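Read off the chains here:
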Amino acid sequence: ARDAAADPWVWGPLVGAAVFQIVNWDRQVSDWARDVTPVFGSQKNAEQWSDDLRKASVHVHHATLLLTPSGDQPKEWLWNKAKGALVQIAAVSATSQLTVEFKDAFGRERPNGLALESFPSGHSSSSAVHTRLASRNLESLRIPPRARAAADLGLYALTLGTSWARIEAGWHYPSDTLAGMALGNFLASFINDAFLGIDGDDSAMIGLATTPGGVQLRFQAAFK
């Protein structure tokens, strides 16, 4: 958890969100982005792009998950792939659930005034968790450092593009998207690194369970 919190893509967006609140830039930047739409040309285009970029983040994550080395034998491959997929599904699910919980708790009105679900941005947290998990998956592949750096740059661009599109579309303030980015990156790093580093003991099990109050990530292991 400490390592995940120390990641610049976690504390950096949080600091940025705080700055936007402290100096009252949130409303100013939001109004300017909605009126000028400098990147996407219109609010409608921005909304469509935010959906498309978030979906691209999901597809890239799933593709990298399939590419990760998981063993030479079919049974071993399927078992290891299933364990890896379960951990990463848990990270995505936890991000989605906590985003909803925070939206309900803060009740911030969207810039367009259509709902009290502005903070944090669900599109941003979703894109961030998927792209960070994709980045973690790429670490297991034997690719040249420059190619890896270029791939990470592309993943960051997906999340940043998704976040800015939500601002231009009028659905979020900058601090909403920055908080969403921090949340997604934190949970992806924390859950992935905590649970995919365990040894191959077949008695170890990881599961996701829903409860009346939300969602639980459960880890069970037999100690011999």
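The structure under discussion appears in the preceding block.
Residues numbered from 1 in each chain as written. Predicted model: local features only at pLDDT ≥ 70, side-chain atom pairs only at ≥ 80, totals over all residues. Heavy atoms only, no water.

## Some points on the overall build of the protein
Test applied: Numbering goes from the N terminus for both helices and strands, where a helix is a DSSP run of H or I of at least four residues and a strand is a run of E of at least two. A 1.4 Å probe rolled over the protein chains alone gives each residue an accessible area, and that area as a share of the maximum for its type sets the label: buried under 20%, exposed over 50%, partly exposed in between. By the convention used here, residues are in contact when the closest approach between their heavy atoms is within 4.5 Å. To be clear on the numbers: accessible area is Shrake-Rupley with a 1.4 Å probe, and residue cover counts the displayed protein chains and nothing else.
Across its full length, the protein holds eight helices and two strands. Secondary structure of the protein in N-to-C order comes out as α-α-α-α-α-α-α-α-β-β. Considering the protein as a whole, with its 224 residues, one finds that 42% of them fall into the buried category. Considering only contacts within the protein whose residues lie at least 6 apart along the sequence, 70% involve residues at least 24 apart. If you sum the accessible surface of the protein, you get close to 12,100 Å²; carbon and sulfur atoms cover 61% of it.

## Concerning the environment of Ala 17
If you trace the backbone, Ala 17 turns up in helix α2 (residues 8–22). Remark: the alpha-carbon pair of Ala 17 and Ser 175, spanning 158 residues in sequence, is separated by 4.1 Å. In this view, Ala 17 contacts Ser 175, Leu 178 and Ala 179; residues no more than four positions away in its chain are not counted.

## Digging into helix α3 (residues 25–36)
Basically, it comes down to this: Multiplying 1.5 Å by the residue count of a helix minus one yields the expected span of that helix. By construction, the arc corresponds to the directions joining the helix axis to the C-beta atoms.
Counted at 1.5 Å a residue, the expected span for α3 with its twelve residues is 16 Å, and the 16 Å between its end C-alpha atoms agrees. Here α3 has its buried residues at Asp 26, Ser 30, Ala 33 and Arg 34. Buried positions in α3, seen along its axis, are confined to an arc of 95 degrees and lie on one side of it. For α3, the exposed residues set more than 90 degrees away from the buried face come down to Gln 28 and Asp 35.

## Here we look at unusual backbone geometry
The phi angle of most residues is negative, glycine excepted, and most peptide bonds adopt the trans form. The peptide bond linking Phe 119 to Pro 120 adopts the cis configuration, its omega dihedral lying at -10 degrees. Tracing the backbone through its elements, the reader meets Pro 120 in the loop between α5 (74–106) and α6 (122–138). For Asn 24, which is not glycine, the phi dihedral falls at a positive 60 degrees. Within the secondary structure, Asn 24 is located in the loop between α2 and α3. Notably, Thr 37 is not glycine yet its phi reads approximately 40 degrees, a positive angle. Note on placement: Thr 37 falls in the loop between α3 and α4 (43–67).

## Thoughts on the packing of aromatic side chains
Using the following cut-off: Only Phe, Tyr and Trp rings take part, Trp by its six-membered ring, and two of them pair if their centres are within 6.5 Å. Stacked means planes under 30 degrees apart, edge-to-face means over 60, and tilted covers everything else.
Enumeration over the complete set of coordinates arrives at seven aromatic pairs. With 5.9 Å between their ring centres and 75 degrees between their planes, Phe 20 and Trp 25 make a pair best called edge-to-face. Given the relative accessible area of 19%, Phe 20 is considered buried. Using a relative accessible area of 41% as the deciding quantity, one classes Trp 25 as partly exposed. Consider the rings of Phe 102 and Phe 106, whose centres lie 6.3 Å apart with planes at 55 degrees: the pair is tilted. With Phe 102 and Phe 106 both in helix α5 and four residues apart, the pair spans about one turn of that helix. Ring-pair connections join several aromatic residues into one group, and the members of that group are Phe 102, Phe 106 and Phe 119.

## Concerning a nonpolar patch on the surface
Let me state the cut-off plainly: Patches were defined on residues exceeding 30% relative accessible area and lacking a salt bridge, with like-charge contacts within 9 Å and nonpolar side-chain contacts (Val, Leu, Ile, Met, Phe, Trp, Tyr) within 5 Å. Within this document, salt bridges are pairs made up of a side-chain nitrogen of Lys or Arg and a carboxyl oxygen of Asp or Glu, the two lying within 4 Å of each other.
A contiguous nonpolar patch, built from Trp 11, Val 15, Val 19, Ile 22, Val 23 and Trp 25 and spanning about 580 Å² of accessible area, is present on the exposed surface. Note that Ile 22 resides in helix α2.

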